[in-house]
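Examining the three-dimensional arrangement
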Amino acid sequence: MGRTYGYVRIWPYEPDADSQIIMMHEMHVPDRDIFIDKQIEAGSEGQEYQKLLKKLKADDLLYIKSLDALGESYKEIGRQWRLLTKEKQADVVVLDIPQLDTRRGRTQFDTLIADLVQSMLEYAPKAERKNRKQRQKEGIEEARRRGVQFGRPELPLPDNFERVYQMWKSKQISGEEAGRLCGISRSKFYNRASKWKKMETAQRESRKRIGL
């Protein structure tokens, strides 16, 4: 068993470090081995944390109050957790989550606890992205069922579209000629013609259902 350290990180929205320092004292961490970074802005690394990393050695013990002491995102927390437990080979105890105590893992199952936490931190952002994409997909599908249109709205049909469509449908003119008469490209005419055909089909089926 090496030395025992405590690390306290105070985010800008937190009032002070007193409660965390008291927790470190309860864990019998001496004041000289408590490293405190106050009011760190998001995305920055604390100077005291860097000093701690230089001192930390294999088999040392580090107490932190919660996982967010290591970073503001799953990715950053995972990176620091790997640094502490794999590269430095130190033990970490998360006081807010008593189960996250790598000393227990090393006693019987080598680094099982550290590996489980690492896997969780790597999985969480992937699962979050997957769930977000699924929710977006479901939201879009539901909106479409309600008739919400996505993308730029289509321009209104040319006044002569129905007449030109019937001429094209009866093969009196080509698709290219139909597009020219309507003032749109051939591909756009085909796209509009396909939608018009679906509308005609829906109208026929609707008339059948009401006996017309």
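Residues numbered from 1 in each chain as written. Predicted model: local features only at pLDDT ≥ 70, side-chain atom pairs only at ≥ 80, totals over all residues. Heavy atoms only, no water.

Structural notes on the pairing of strand 4 (residues 91-94)
Residue alternation in strand 4 divides its side chains into two sets, Asp 91 and Val 93 and Val 92 and Val 94, and both sets are buried. In this sheet, strand 4 lies alongside strand 3 (residues 61-64) in parallel orientation, the contact comprising four bridges. Note on strand 4: the bridge partner recorded for Tyr 63 is Val 93. (Buried < 20%, exposed > 50% of the residue type's maximum accessible area, 1.4 Å probe, protein only. Helix = DSSP H or I, 4+ residues; strand = E, 2+ residues; numbered from the N terminus. Pairing = 2+ DSSP bridges.)

Some details on the confidence of the model for the protein chain
Here the protein chain averages 80 in pLDDT, while 69% of its residues score no lower than 70. Across the protein chain, the secondary-structure element scoring lowest on mean pLDDT is helix 4 (residues 102-109), at 60, and the one scoring highest is strand 3, at 96. (pLDDT = per-residue confidence, 0-100.)

Some details on the packing of aromatic side chains
Tallying each qualifying case throughout the model produces 10 aromatic pairs. A centroid spacing of 6.1 Å and a plane angle of 50° characterise the contact between Tyr 5 and Phe 35, whose relative ring orientation is tilted. Of the two residues, Tyr 5 is situated in strand 1 (residues 4-10) and Phe 35 in strand 2 (residues 34-38); the sequence distance between them amounts to 30 residues. Note on accessibility: Tyr 5 and Phe 35 belong to one class, buried. The interplanar angle of 50° and the centroid separation of 6.0 Å between the aromatic rings of Trp 168 and Tyr 190 together place this pair among those described as tilted. Linking Trp 168 in helix 6 (residues 161-169) with Tyr 190 in helix 8 (residues 186-209), this pair joins segments that are 22 residues apart in sequence. A relative accessible area of 26% means that Trp 168 is categorised as partly exposed. Classification of Tyr 190 by relative accessible area gives partly exposed; the value is 38%. One aromatic cluster is present, built from ring pairs that chain together Phe 161, Tyr 165, Trp 168, Phe 189, Tyr 190 and Trp 196. (Phe/Tyr/Trp six-rings, centres within 6.5 Å; stacked < 30°, edge-to-face > 60°.)

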